[in-house]
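# Results of the structural survey
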2 protein chains.
Amino acid sequence: MEFSSKLLENAVREMSQLPGIGKRTALRLVLHLLRQPAEQTERLAFALRSLRNEVKYCRNCHNISDTDLCEICANPKRDESLVCVVEDIRDVMAIENTSQYKGLYHVLGGKISPLDGVGPNNLNISTLINKVKEGQVREVIFALSSTMEGDTTNFYIYKQIEAYGVTTSTIARGIAVGDELEYADEITLGRSILHRIPFENSLKG
Amino acid sequence: MEFSSKLLENAVREMSQLPGIGKRTALRLVLHLLRQPAEQTERLAFALRSLRNEVKYCRNCHNISDTDLCEICANPKRDESLVCVVEDIRDVMAIENTSQYKGLYHVLGGKISPLDGVGPNNLNISTLINKVKEGQVREVIFALSSTMEGDTTNFYIYKQIEAYGVTTSTIARGIAVGDELEYADEITLGRSILHRIPFENSLKG
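The residue numbers shown here count from 1 along each chain, following its written sequence. For this description, chains carry letters from A and ligands carry numbers from 1, given in the order in which they are written. Reporting of local features is limited, given that this is a predicted model, to residues whose pLDDT is at least 70; pairs of side-chain atoms are given and counted only at 80 or more, and all residues count toward the totals for whole chains, interfaces and linings. Hydrogens and water are ignored here; the side-chain numbers use all heavy atoms of the structure.

## With respect to the UniProt feature "zinc finger region: C4-type" (unreviewed entry) in chain A
UniProt positions are given in the numbering used here, feature names are shortened, and annotations may be inferred rather than shown by experiment. When the UniProt feature table is mapped to this numbering, "zinc finger region: C4-type" (unreviewed entry) covers residues 58-73 of chain A. Each helix is a run of H or I in the DSSP string that is no shorter than four residues. Each strand is a run of E no shorter than two, and both are numbered from the N terminus. Taken end to end, residues 58-73 of chain A is 19% helix and 0% strand, and its first and last C-alpha atoms sit 8 Å apart.

## Some remarks on the interface of chain A and chain B
Throughout, a contact is declared for two residues whenever any of their heavy atoms are within 4.5 Å. Facing 52 residues of chain A, the contacting portion of chain B comprises 52 residues. Each partner contributes to the roughly 5,100 Å² buried at the junction of chain A and chain B, and carbon and sulfur atoms together form 67% of this total. It is Leu-7, Leu-34 and Arg-52 of chain A in chain A that bury the most area against chain B; as a group they hold 13% of the surface buried on that side. For salt bridges, the criterion is a side-chain nitrogen of Lys or Arg within 4 Å of an Asp or Glu carboxyl oxygen. Taken together, chain A and chain B are joined by 4 salt bridges. Side-chain atoms alone can form a polar contact between residues adjacent in sequence; in general such a contact is a pair of N or O atoms within 3.5 Å, and within protein one must be able to donate a hydrogen while the other accepts it. Applying the counting criterion to the chain A and chain B interface returns 17 residue pairs in polar contact (both at pLDDT 80 or more). Looking at the side of chain A that touches chain B, the elements with two or more residues in it are α1 (6-15), α2 (23-35), α3 (38-54) and α5 (89-98) of chain A. With 15 residues, the top contributor of residues to the side of chain A that touches chain B is α3 of chain A. Each residue is assigned to one of three groups, with Ala, Val, Leu, Ile, Met, Phe, Trp, Tyr, Cys and Pro labelled nonpolar, Asp, Glu, Lys and Arg labelled charged, and all others, Gly among them, labelled polar. Of the residues contributing to the side of chain A that touches chain B, the split by class is 27 nonpolar, 12 polar and 13 charged. Once two parts are put together, the accessible area they lose, assessed with a 1.4 Å probe and summed over both, is termed the buried area.

## Comments concerning unusual backbone geometry
Here Ser-99 of chain A, not a glycine, exhibits a phi torsion of approximately 55°, which is positive. One non-glycine residue, His-62 of chain B, adopts positive backbone phi at about 70°. Considering the arrangement of structural elements, one finds His-62 of chain B in the loop between α3 (38-54) and α4 (71-74).

## Some points on the sheet that holds strand β3 (residues 139-142) of chain B
Residues and elements named next belong to chain B. At least two bridges found by DSSP between two strands is the condition for calling them paired. Spatially, β2-β1-β3-β4 is the arrangement adopted by the 4 strands of the open sheet, whose pairing is parallel. Each edge of the open sheet carries a strand with a single partner, namely β2 (103-107) and β4 (167-170). Neighbour-to-neighbour, the strand axes of this sheet turn through a mean angle of 25°, independent of strand direction. Here 5 bridges tie strand β1 (residues 79-86) to β2, and the two strands are oriented parallel to one another. Residue pairing for β2: Val-86 is matched across the bridge by Val-107. Only the stretch in contact is used when a helix axis is fitted, and all axes are lines through C-alpha atoms; the angle between N-to-C directions ranges over 0 to 180 degrees. Across the sheet, helix α6 (residues 126-133) lies against β1, β2 and β3, angled at about 145° from β2, the strand it touches most. Packing of helix α7 (residues 148-161) onto the sheet brings it into contact with β1, β3 and β4, and relative to β3 it is tilted by some 165°.

## Some remarks on the UniProt feature "domain: Toprim" (unreviewed entry) in chain A
Per the UniProt record, "domain: Toprim" (unreviewed entry) is annotated on residues 81-176 of chain A. The distance from the first to the last C-alpha atom of residues 81-176 of chain A is 28 Å, and the span holds 33% helix and 20% strand.

## With respect to the pattern of salt bridges
Counted by the stated rule, this structure contains 20 salt bridges over all chains. For Glu-87 of chain A, the salt bridge goes to Lys-111 of chain A, with nearest N and O atoms at 3.6 Å. Residue Glu-87 of chain A is found in the loop between β1 (79-86) and α5, and its partner Lys-111 of chain A is found in the loop between β2 (103-107) and α6 (126-133); the two are separated by 24 residues along the sequence. Within the structure, one salt-bridge network assembled from shared partners comprises Arg-13 and Glu-14 of chain A together with Arg-43 of chain B.

## A short note on the relation of the copies chain A and chain B
Least squares is the method for superposing the copies, and the C-alpha atoms it fits come from residues with pLDDT of at least 70 in both. With an axial shift of 0.0 Å and an RMSD of 0.1 Å, the rotation relating chain A to chain B amounts to 180°. Read as a symmetry element, the transformation amounts to a two-fold axis. For chain A, the minimum C-alpha distance to the rotation axis belongs to Ala-45 of chain A and amounts to 2.3 Å. Mapped onto chain B, 100% of the interface residues of chain A are again interface residues, and the two copies thus contact each other with one and the same surface.

## Let's talk about the state of the cysteines
Cysteine pairs can be covalently joined through their sulfur atoms, and such a bond is termed a disulfide. The rule for a disulfide is simple: a pair of cysteine sulfur atoms within 2.5 Å. For the coordinates displayed, the defined rule picks out 0 disulfides over all chains. Cys-58 of chain A carries a free sulfur, and the closest cysteine sulfur to it, the one in Cys-73 of chain A, is 3.7 Å from it.

## With respect to the packing of α3 of chain A against helix α2 (residues 23-35) of chain B
The contact between α3 of chain A and α2 of chain B brings their axes to 10 Å, and the two run at 45°. Regarding the angle of α3 of chain A to α2 of chain B, the classification is oblique. α3 of chain A and α2 of chain B meet at a crossing whose hand is right-handed. Across the interface between the two elements, Leu-48, Leu-51 and Arg-52 of chain A from α3 of chain A touch Val-30, Leu-33 and Leu-34 of chain B from α2 of chain B. Of the residues in the contact of α3 of chain A with α2 of chain B, the class split is 5 nonpolar, no polar and 1 charged. Our angle categories are set so that under 35 degrees counts as roughly parallel, over 145 as roughly antiparallel, 65 to 115 as roughly perpendicular, and the remainder as oblique. Each crossing gets its hand from how the near helix is turned against the far one by less than a right angle, where anticlockwise is left-handed and clockwise is right-handed.

## Digging into the sheet that holds strand β3 (residues 139-142) of chain A
Strand pairing in a sheet relies on backbone hydrogen bonds. The paired strands run either parallel or antiparallel. All names here are of chain A. Strand order in the open sheet made by the 4 strands is β2-β1-β3-β4, with parallel pairing throughout. In this open sheet, the two strands that pair with only one neighbour each are β2 and β4 (167-170). Going across the sheet, the axis of each strand differs from the next one's by a mean of 25°, ignoring polarity. Summarising the sheet, β3 and β4 pair through 4 bridges and their orientation is parallel. Bridge pairing links Val-140 to Thr-168 in β4. Across the sheet, α5 touches β1 and β2, and the angle it forms with β2 is around 160°. Packed onto the sheet, helix α7 (residues 148-161) meets β1, β3 and β4 and runs at close to 165° relative to β3.

What follows is the structure, given as structure tokens:
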């Protein structure tokens, strides 16, 4: 792409650094900003810089938070002996939306992925293991995505905490509520049969 | 969407003001920036603000340019009696890529679209008409997209310049080179038959 303006070229190049934004999309977005009042660009730039420079993470669960201890960890009604291990804040938001979970979270900040250069030391794993060691935790629930990286991360953590007698569980995998069996992939359907639950239990949900 | 942080919420809200970026995508992009070095966010914010605040438009063709007169208008080898009317810089870039056009451009900055509140006075139309009035222009080529708004804009400009004896043309519509006839829409195929060209002419391109 040849640009008639260095300013435009820079803006497009920086915008296209974002994941899933190619040069064409970046150009479309940047031209949109040019057609809007300058205040919109100022607000966007300010919001991004403020977040990046002032972002704080909860000292207990590592979720993004404006306070030293996030609202969930600071809530005395939550069960702190139950810890759900997730990848990032989006998973926390998704689980919170269900209103089904009353424990705390532990946000790893990613998954172990040697190909991407992410090892255990790049993630918030040691603080989780410390929590378990200190005996505050009754159950650790693994809620990472069921990919190779997710499974590896689960197993790595499991190996480090199994000696401390903590209960470990993973969220149930199966056919989504309302889905047709014929369209389900065979791995999911296979697991949902292997891990079937007593019928009476299904009446409670 | 409920956020655990006001900073995060602001960044996601501003990001999702961009066209085609929903709240979920905005969150994904913002979390990506948090995982990258702070310099990347600084560069993005700086590039967007610089462009928005310092952008200049060519005084002749209104294309985005870092100089008072853009490179194309300033090039003495280009034929200034030929003016191609386009919507925005993306069209200029697309036509320049073909290396087939040696005239100048006139960038309208949009199309007449009453539904979006865009009238003739919001576009760079009067300067085009002045150029024609002053007799510098031999031919005006309409290269707007063939939508209702594009056709309206073409016709509005045409009505204002027809009295000045300037040649007007539109770019050829037809079946794309290499495309199969059976997959072409009937309007395009119909036009390509109506506006067929002498066979010998097709050998030149």
